[in-house]
Amino acid sequence: MGQSDQATIQAVLAGNKDAYAALVAQHSRSVFRVAYRITGNEADAEEVVQDAFMRGYRKLEGFEARSDFGTWIYRIAIHCALDRITRSAERNSRFVTDSDSEADAVQLPDRTPGPEQVLLSREIGAFRESAMHCLTPLERTAFMLRHMDDCSMEEIASALEIAPNAAKQAVYRAVQKLRQRLALLKVKT
Amino acid sequence: MNHLNEEQLIELYYSHDGPEAARHLGECTQCARTYASLQADLADLKSIDPPPRDDSYGEHVWRAIAPRLPVYPARPKPWFRQPLGLGLCSAAACTLLVAAAFYAGRVWEHRQAPHTVAVRPAAPAPQRVVVVLLSDHLDRSERLLVQLKHANADDTGLASPLRDEARSLLVANRKCRQDAEHAGDPALTHALDHLNQLLSELANQPGGLNAAAIARLQNEMNTDGLLFEVRVLRSRIPNRQPGQNRRLDGGKA
């Protein structure tokens, strides 16, 4: 952790609340990225970012000086995102069902370029994103951390507080499920 | 090797670590095709990028959460940083300093003490007494040896004073010999040993000190040589002040 982060944390704990703004400014974009990848939508990611920084602020007294604040808040954001998608699992399942109907709409026999092709690409992208919602929160989070953020299995296990083998299995299951969904898309297109 | 299953292929994709699996892919077109399909699927998923956020995003987040965050109460200063604590610390430090200075002074004084004793004017006195005692002893021994040298075999009246003087000198001779040995003076030690034998013969002659015994001692004990040795030793001793030996040896000289 940078010396400035440590000094900022000391200032916050000494009663200077506004000093925390510097930490938010420095780390909010990386927190947003991981939050978006796990939640899959912008609004939820925004909520997760705010929730993560608020939770971090309240836990700041327990922050160990030898740790890296960026890594620490990143883990908090993962937990916040995981909590959020777990709570909205029912809504997500509805979203997947809706997506299925969207996927059905992808069946376009005409491949002529133009507005239709652009629309097709957008809908394929939407389908891929919706495929993520067929995963459980744990599978989705583990897969995102492994696939997007290049975290090692040990880092994923540590962040999710599970055994390394459980993290590995979660990633494998996620890949298998996603490939099955993508196979459907290929058949339909 | 059997065909790779999906789990092995996924592990190979992420870990890039599996020489056997990689070798198999080079040999098996079916597994290579499956692996290529996996790579293509996962590469498609890489394209899910979050919408970008500009530099002001942090301020936006801060404005949203700041009203909901409490202010940490200012931590009380540690007791040693408060005014009273500072005073106590200063007082303790001063006390410690004074105690340390006192102790250092005591140690320094203790170490200096032996040097002070060494330079006292009275310190050489015991050495001087020893020197004076030795000088007196050698004087008396010389006189005894001269008397023995010139003793007439027929002069029986001289036997008793010689024996008494020899007995008297024996004690002093032992003391002087001991001092000479401690002082590391081999010549003096040897001479006093020789003198001790003579004095013992004179003091403890069986049947009394008669003319025959005196004559035998003069021959056997080489009293002339011993007299010469004593005179040489006497010449090595610094001159003493007149009358001093009377004070030190009780006026026997």
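Just so you know, these numbers come straight off a predicted model, no measurement behind them. (Residues numbered from 1 in each chain as written. Chains lettered and ligands numbered in written order. Predicted model: local features only at pLDDT ≥ 70, side-chain atom pairs only at ≥ 80, totals over all residues.)

Novice: Explain the overall build of chain A here, please?
Specialist: Each helix and strand in chain A was counted, giving nine helices and zero strands. If you list the helices and strands of chain A from N to C, you get α-α-α-α-α-α-α-α-α. Taking all 189 residues of chain A together, 36% fall into the buried category. (Helix = DSSP H or I, 4+ residues; strand = E, 2+ residues; numbered from the N terminus. Buried ≥ 20, exposed ≤ 12 C-beta atoms within 10 Å, placed from the backbone.)

Novice: So what exactly am I meant to see when it comes to helix 3 (residues 42-58) of chain A here?
Specialist: Each turn of an α-helix holds 3.6 residues, which means side chains three or four residues apart point in the same direction. Here helix 3 of chain A is 17 residues long and its end C-alpha atoms lie 24 Å apart, about the 24 Å a rise of 1.5 Å per residue gives. Taken residue by residue, helix 3 of chain A has A45, V48, V49, Q50, A52, F53, G56 and Y57 of chain A as its buried positions. Here the buried face of helix 3 of chain A lies against helix 2 (20-39) and helix 4 (69-87) of chain A together with helix 4 (57-65) of chain B. (Expected span 1.5 Å × (residues − 1). Contact = placed C-beta atoms within 7 Å.)

Novice: What is the right way to read the nonpolar core from this model?
Specialist: A general trend in soluble globular proteins is that nonpolar side chains are found buried together. Core analysis: the largest hydrophobic core is formed by 56 residues, its most contacted members being A35 and A77 of chain A. Ranked by the residues each element gives to this core, the list is headed by helix 4 of chain A, at 10 residues. With sequence-adjacent residues up to four places away left out, A77 of chain A is seen in contact with V31, V34, A35, V48 and A52 of chain A. Within the second largest apolar cluster, 23 residues are counted, among which are A191, I214, L217 and L233 of chain B. (Core = buried A, V, L, I, M, F, W, Y, C linked by C-beta atoms within 7 Å.)

Novice: Explanation requested: the confidence of the model for chain B in the structure shown.
Specialist: A low pLDDT score tells you not to read the predicted coordinates there in detail. Here chain B averages 78 in pLDDT, while 77% of its residues score no lower than 70. Under a pLDDT of 50 for its full length, residues 240-253 of chain B has, in the predicted model, 17 contacts with residues more than four places off or in other chains. (pLDDT = per-residue confidence, 0-100.)

Novice: For this particular structure, what's the right way to read the packing of helix 3 of chain A against helix 4 of chain B?
Specialist: Helix packing for two helices is described by the angle between their axes and how far apart those axes are. Put simply, helix 3 of chain A and helix 4 of chain B touch, their axes get as near as 10 Å, and they point 65° apart. Relative to helix 4 of chain B, helix 3 of chain A is oriented roughly perpendicular. Seen from above, helix 3 of chain A lies across helix 4 of chain B with right-handed handedness. Contacts from V49, Q50, F53 and M54 of chain A in helix 3 of chain A reach V61, A64 and I65 of chain B in helix 4 of chain B. Tallied by class, residues from the contact of helix 3 of chain A with helix 4 of chain B come to six nonpolar, one polar and no charged. (Axes fitted to C-alpha atoms, helices over the stretch in contact; angles between N-to-C directions. Parallel < 35°, antiparallel > 145°, perpendicular 65-115°, else oblique. Left-handed = near helix turned anticlockwise from the far one by under 90°. Nonpolar A, V, L, I, M, F, W, Y, C, P; charged D, E, K, R; others polar.)

Novice: What exactly am I supposed to notice about the interface of chain A and chain B here?
Specialist: Accessible area lost during the coming together of the parts is what is often quoted as the interface size. With 32 residues of chain A at the contact, the number on the chain B side is 26 residues. Broken down by element, the residue count for the side of chain A that touches chain B peaks at 10 residues, all from helix 2 of chain A. The class makeup of the residues in the side of chain A that touches chain B is 17 nonpolar, six polar and nine charged.

Novice: Would you mind going over the packing of helix 4 of chain A against helix 7 (residues 137-147) of chain A with me for this structure?
Specialist: All names here are of chain A. At a minimum axis distance of 9 Å, the contact between helix 4 and helix 7 shows a crossing angle of 145°. The element helix 4 and its partner helix 7 pack so that their crossing is right-handed. Contact residues: I78, A81, L82, I85 and T86 in helix 4; P137, R140 and T141 in helix 7. For the contact of helix 4 with helix 7, a count of residues per class yields five nonpolar, two polar and one charged.

Novice: I keep staring at the environment of L162 of chain B and nothing clicks. Help me out?
Specialist: Residue and element names in this part refer to chain B. In this fold, L162 is placed in helix 7 (residues 159-183). Counting along the chain gives 40 residues from L162 to L202, while the straight-line C-alpha distance between them is 7.3 Å. With sequence-adjacent residues up to four places away left out, L162 is seen in contact with L144, Q147, L148, L202 and L209.

Novice: How should the confidence of the model for chain A be read in this particular structure?
Specialist: All names here are of chain A. Averaged over all residues, the pLDDT of chain A equals 81, while 75% of them reach at least 70. The least confident element of chain A, judged by mean pLDDT, is helix 5 (residues 89-104) at 52; the most confident is helix 3 at 94. A low-confidence stretch, residues 98-113 (pLDDT under 50), is modelled with 21 contacts involving residues beyond four sequence positions or located in other chains.

Novice: Sorry if this is basic, but what is going on with unusual backbone geometry here?
Specialist: Most peptide bonds take the trans configuration, and most residues that are not glycine carry a negative phi. All names here are of chain A. With a phi angle near 55°, D150 is a residue other than glycine that sits in the positive phi range. Checked against the element boundaries, D150 lands in the loop between helix 7 and helix 8 (153-160). Positive phi values are uncommon outside glycine, yet E161 reaches one of about 55°.

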